[in-house]
Amino acid sequence: MSEFVTILVATMSGTTEMVADEVAGRIEDAGGSARILRMEKASPVTFTGAAGPVLICSSTYGTGEVPDNGQALYAALEAERPDLAGLRYGVIALGDSIYPQTFCFGGKRFDALLASLGACRVGERFECDSRSGIYPEEAAAEWAERWLQELGVHA
Amino acid sequence: MERGVIVIGGGQAAARAAKAMRVAGYVGPITILSEEAHLPYERPALSKAMLLQPGAEAPQVLAEPDYATSAITLRTRCRAEAIDRTRHEVALCGGERLPYDRLLIATGSRNRPLTIDGMAAEQIFSLRTLDDGRRLARALKDRPALTVVGGGFIGLEVAASAAKLGCRVAVIEAADRLLPRLGSPEASAFVLDHHSRCGIDVRLGVRVVSGEGGRVRLSDGGDTAAEVVVAGVGVAPDTALADAAGLDCQDGILVDAFCRTSDPDIFAAGDVTRHYNPLLGRSLRLESWQNANAQADAAGRTIAGFPTPSAEIPWLWSDQGDLNLQAAGAPSSVERTVLRGDPSGGDGLTIFQLDGDRLVGGVTLNRGKEMPMIRRLLAQPELQLDPDHLADSAMPLRRLLPTREAA
């Protein structure tokens with residue numbers, strides 16, 4: 001089955017955007033298609049009008065904040081509370097484990113918000129620690145292969 | 001009795017180092033002495049979100065409950081007056097003396113002051129603290145005509161934010177290009193073009209001569225409207241305490257890669273240091289969020305008993321309105337520049353700086369997603385790179401990293 005995945009990116013430095021690029025490549029290799037959208041260019045309609053699953057890619061800023069470019073989208077979803085029943089989504093969350101209490105909170109906040117709006121997460125949330133030494137785009141791409149299988153996308 | 005660690009300074013490096021000591025297992029007392037009234041916060045927001053949305057809170061370096069759960073004592077509005085190295089004490093304003101086993105100096109830098117003949121000091125703003133940011137945000141509320149003196153990062157960030165707010169904005173830079181310290185004429189040209197298109201009036205190669213009423217006069221005979229002036233004319237490391245205590249300083253407190261000063265019980269981290277970078281093989285001073293964090297982590301672990309060097313390729317970013325600029329490396333000489341992307345196009349530009357066939361620096365302009373790979377390329381200085389590959393947008397940079405297995 002072919003899926004059209006909308007990848008929404010909240011990033012401070014660009015690392016998360018690079019991760020999204022890599023994951024988009026894997027989705028296309030698997031026969032799906034993907035569109036990357038920086039969150040400042042998205043709105044609640046991006047979710048309600050999505051043709052397929054949505055993949056949240058978010059880093060974490062300060063003590064557990066959504067990066068600047070994702071804050072307006074987060075606030076709009078929170079204010080408008082659209083009904084997202086039927087929407088499937090995945091979450092890639094980047095963080096720094098020196099802040100254990102708020103580790104990966106950028107992605108976790110979106111996860112909790114989308115779930116509260118009735119959307120259904122597919123697969124485990126992927127969390128990557130910037131001090132682990134792991135290349136996040138490689139780990140995320142591996143995670144994406146499993147995520148695609150759970151979505152029912154096969155090469 | 002264990003006297004513990006005292007941290008002088010209340011910024012990114014100070015709070016982060018305290019946290020890093022705890023994460024590394026240090027169990028003794030930790031006290032942060034901050035002159036400011038606020039919890040340590042992230043300064044990058046001051047020139048952007050704090051100006052665009054007055055009332056916005058600056059992100060905190062550590063969440064408030066973390067001070068209690070990590071047993072970090074934060075003393076705000078607390079000014080250290082002197083360091084007594086012999087007695088291992090810090091003298092506070094007011095006469096109190098605090099003993100220490102180990103001391104970390106993270107006093108950051110201070111803005112260079114600007115005075116303009118004929119202009120009241122209240123019209124001239126600078127930006128370092130949250131209180132500075134709030135003052136400037138209030139001053140910009142009525143959309144005054146703004147002249148920014150200094151076309152460096154802070155000046156351009158403020159200029160772009162003010163232009164977004166609807167202010168008429170001029171930028172005065174003494175050098176013949178913006179961001180002269182970046183060392184990339186191509187980046188400077190791109191940045192100039194961006195800001196000019198946003199309606200900012202950039203004047204290069206001129207100085208402010210005097211001010212009168214709501215205008216400043218320039219050295220070329222021109223003038224700009226200036227109901228408010230923002231000074232972005234550089235910073236100096238705040239080494240006063242270290243100097244007075246006799247620690248080795250040279251435009252910054254001299255430290256090794258482990259953040260050790262010339263006194264074995266005193267460490268320093270962040271903007272205030274001139275530190276040895278083992279990747280570059282030389283010492284340098286950096287004013288950046290990344291360096292503050294990296295040195296804080298190294299100092300924190302070293303103080304906790306796990307000597308750890310700070311060894312990262314220098315990296316900084318600057319958000320100027322809709323322009324995201326990132327730069328990595330610290331090139332001392334650039335023989336050749338390779339561009340990826342269209343310098344006049346809307347898709348951003350990546351600039352590679354080469355010395356021979358070795359990559360020594362990189363700048364991304366609205367192409368931040370390439371920066372993680374550039375930083376990895378820079379961390380392998382022996383790498384010989386083909387300029388044609390660097391210039392080819394269709395060639396993923398990750399393919400140029402030889403030590404990686406094929407995906």
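Draft legend 1. Representation of the overall build of chain A. When helices and strands are tallied, chain A shows 5 helices and 6 strands. Sequence-ordered secondary structure for chain A, helices as α and strands as β, is β-α-β-α-β-α-β-α-β-β-α. A compact globule built from 155 residues should have a C-alpha radius of gyration of about 15 Å, and chain A, at 14 Å, falls within 12% of that. Dimensions of chain A along its principal axes, counting C-alpha atoms only, are 40 × 35 × 25 Å. Here chain A holds 155 residues, and 51% of them are scored as buried.

Draft legend 2. Summary view of the overall build of chain B. Counting its secondary structure elements, chain B contains 10 helices and 26 strands. For 407 residues, the compact-globule formula gives about 22 Å, and the C-alpha radius of gyration of chain B, at 22 Å, lands near that figure. Each of the three principal axes of chain B carries a C-alpha extent, and together these read 65 × 65 × 35 Å. Taken over 407 residues, chain B has a buried fraction of 48%. The contacts of chain B with a sequence gap of at least 6 include a subset with a gap of at least 24, amounting to 62%.

Draft legend 3. Main features of helix H8 (residues 289-303) of chain B. Residues and elements named next belong to chain B. With 15 residues, H8 extends 21 Å between its outermost C-alpha atoms, agreeing within 8% with the 21 Å of an ideal straight helix rising 1.5 Å per residue. Burial analysis of H8 places 14 of its 15 residues in the buried class, which makes it a mostly covered element. Downstream of H8 by a residue or two, Gly305 has a phi angle that is positive, lying close to 105°.

Draft legend 4. Quick peek at the packing of helix H1 (residues 15-29) of chain A against helix H5 (residues 136-151) of chain A. Residues and elements named next belong to chain A. Look at H1 against H5: their axes get within 9 Å of each other, and the N-to-C directions meet at 40°. Classified by the angle between their axes, H1 and H5 sit oblique to one another. Considering how the two elements wind past one another, H1 and H5 form a crossing that is right-handed. Contacts between H1 and H5 involve Thr15, Met18, Val19, Glu22, Val23, Arg26 and Ile27 on the former and, on the latter, Pro136, Glu137, Ala140, Ala141, Ala144, Glu145 and Leu148. Partitioning the contact of H1 with H5 into residue classes produces 9 nonpolar, 1 polar and 4 charged.

Draft legend 5. How the structure looks around the sheet that holds strand S16 (residues 228-231) of chain B. Residues and elements named next belong to chain B. If you trace the 5 strands from one edge of the open sheet to the other, you get S9-S16-S10-S11-S12, paired in parallel fashion. Since the sheet does not close on itself, it has two edges, and those belong to strand S9 (124-125) and strand S12 (201-204), each with one partner. Both strand S11 (residues 169-173) and S12 contribute to a ladder of 4 bridges, which runs parallel. Counted as the bridge partner of Ala170 is Asp201 from S12. Most of the contacts of helix H5 (residues 153-165) go to S11, to which it runs at about 165°, and overall it touches strand S10 (146-149), S11 and S16.

Draft legend 6. Region of the structure containing the pairing of strand S7 (residues 102-105) of chain B. Residue and element names in this part refer to chain B. Going residue by residue along S7, you find Arg102 and Leu104 tucked away on one face and Leu103 and Ile105 tucked away on the opposite face as well. Bridge analysis of strand S1 (residues 5-8) against S7 gives 4 bridges, and the strand direction is parallel. Looking at the pairing, Val7 lines up with Leu104 of S7. With 3 bridges joining them, S7 and strand S19 (residues 266-268) adopt parallel strand pairing. When the bridges of S19 are listed, Leu104 appears paired with Phe267.

Draft legend 7. Region of interest: the domain arrangement of chain B. According to the domain assignment, chain B contains domain 1 (5-41 + 55-110 + 235-303), domain 2 (113-231) and domain 3 (325-400). Taking only C-alpha atoms into account, the centre of domain 1 of chain B sits 34 Å from that of domain 3 of chain B.

Draft legend 8. Highlighting the interface of chain A and chain B. The partner chain B presents 16 residues to the 14 residues of chain A that form the contact. The greatest single-element share of the side of chain A that touches chain B, amounting to 4 residues, is contributed by H1 of chain A. Here the residues of the side of chain A that touches chain B are counted per class, giving 3 nonpolar, 7 polar and 4 charged.

Draft legend 9. Expanded view of unusual backbone geometry. All names here are of chain B. Even without a glycine there, the phi angle at Arg77 is positive, about 50°. Mapped onto the fold, Arg77 is located in the loop between strand S3 (72-75) and strand S4 (80-84). Backbone geometry places His88, a non-glycine residue, at a positive phi of 55°.

Draft legend 10. Quick look at the sheet that holds strand S26 (residues 358-365) of chain B. Residue and element names in this part refer to chain B. Ordered by their spatial adjacency, 5 strands build an open sheet running S22-S23-S26-S25-S24, and the pairing between neighbours is antiparallel. Either end of the sheet is taken by a strand with one partner, and the two such strands are strand S22 (315-320) and strand S24 (336-341). Taking the axes of each pair of neighbouring strands and ignoring which way they run, one obtains an average angle of 15° across the sheet. For S22 and strand S23 (residues 323-329), the ladder comprises 6 bridges, and the chain directions are antiparallel. Note that in S23 the partner of Asp319 across the bridge is Asn324. Across the sheet, helix H9 (residues 371-378) is in contact with S22, S23 and S26; its angle to S23 comes to roughly 10°.

Draft legend 11. Spatial organisation of the environment of Gly52 of chain A. Residue and element names in this part refer to chain A. Relative to the helices and strands, Gly52 is located in the loop between helix H2 (44-48) and strand S3 (54-58). Residues Gly52 and Gly86 lie 34 residues apart in sequence; the distance between their C-alpha atoms is 9.9 Å. In this view, Gly52 contacts Glu3, Phe4 and Val5; residues no more than four positions away in its chain are not counted.

Draft legend 12. Structural detail: the packing of helix H1 (residues 12-23) of chain B against H8 of chain B. Residue and element names in this part refer to chain B. It is at 7 Å that the axes of H1 and H8 come closest, and there the two elements cross at 35°. Crossing handedness for the pair H1 and H8: right-handed. Between H1 and H8, the residues in contact are Gln12, Ala13, Arg16, Ala17, Ala20 and Met21 and Trp289, Ala292, Asn293, Gln295, Ala296, Asp297, Ala299, Gly300, Arg301 and Ile303, respectively. Residue composition of the contact of H1 with H8, by class: 9 nonpolar, 4 polar and 3 charged.

Draft legend 13. Fine view of the nonpolar core. Counting 117 residues, the largest nonpolar core has Val7, Ala17, Leu104, Ile105, Ala106 and Ala268 of chain B as the members making the most contacts within it. With 8 residues, H5 of chain B is the largest single contributor of residues to this core. The contact partners of Ala106 of chain B, leaving out residues within four places of it in the chain, are Val7, Ile8, Gly9, Gly11, Ala13, Ala14, Ala17, Ala268, Ala269, Gly270 and Val272 of chain B. Counting residues in each nonpolar core, the second largest holds 44 residues, with Phe47, Ala50, Ala119 and Ala140 of chain A among its members.

Cut-offs used in this document
Residues numbered from 1 in each chain as written. Chains lettered and ligands numbered in written order. Predicted model: local features only at pLDDT ≥ 70, side-chain atom pairs only at ≥ 80, totals over all residues. Helix = DSSP H or I, 4+ residues; strand = E, 2+ residues; numbered from the N terminus. Rg over C-alpha atoms; globule rule 2.2 N^0.38 Å. Buried ≥ 20, exposed ≤ 12 C-beta atoms within 10 Å, placed from the backbone. Contact = placed C-beta atoms within 7 Å. Expected span 1.5 Å × (residues − 1). Axes fitted to C-alpha atoms, helices over the stretch in contact; angles between N-to-C directions. Parallel < 35°, antiparallel > 145°, perpendicular 65-115°, else oblique. Left-handed = near helix turned anticlockwise from the far one by under 90°. Nonpolar A, V, L, I, M, F, W, Y, C, P; charged D, E, K, R; others polar. Pairing = 2+ DSSP bridges. Domains from an automatic or database assignment. Core = buried A, V, L, I, M, F, W, Y, C linked by C-beta atoms within 7 Å.

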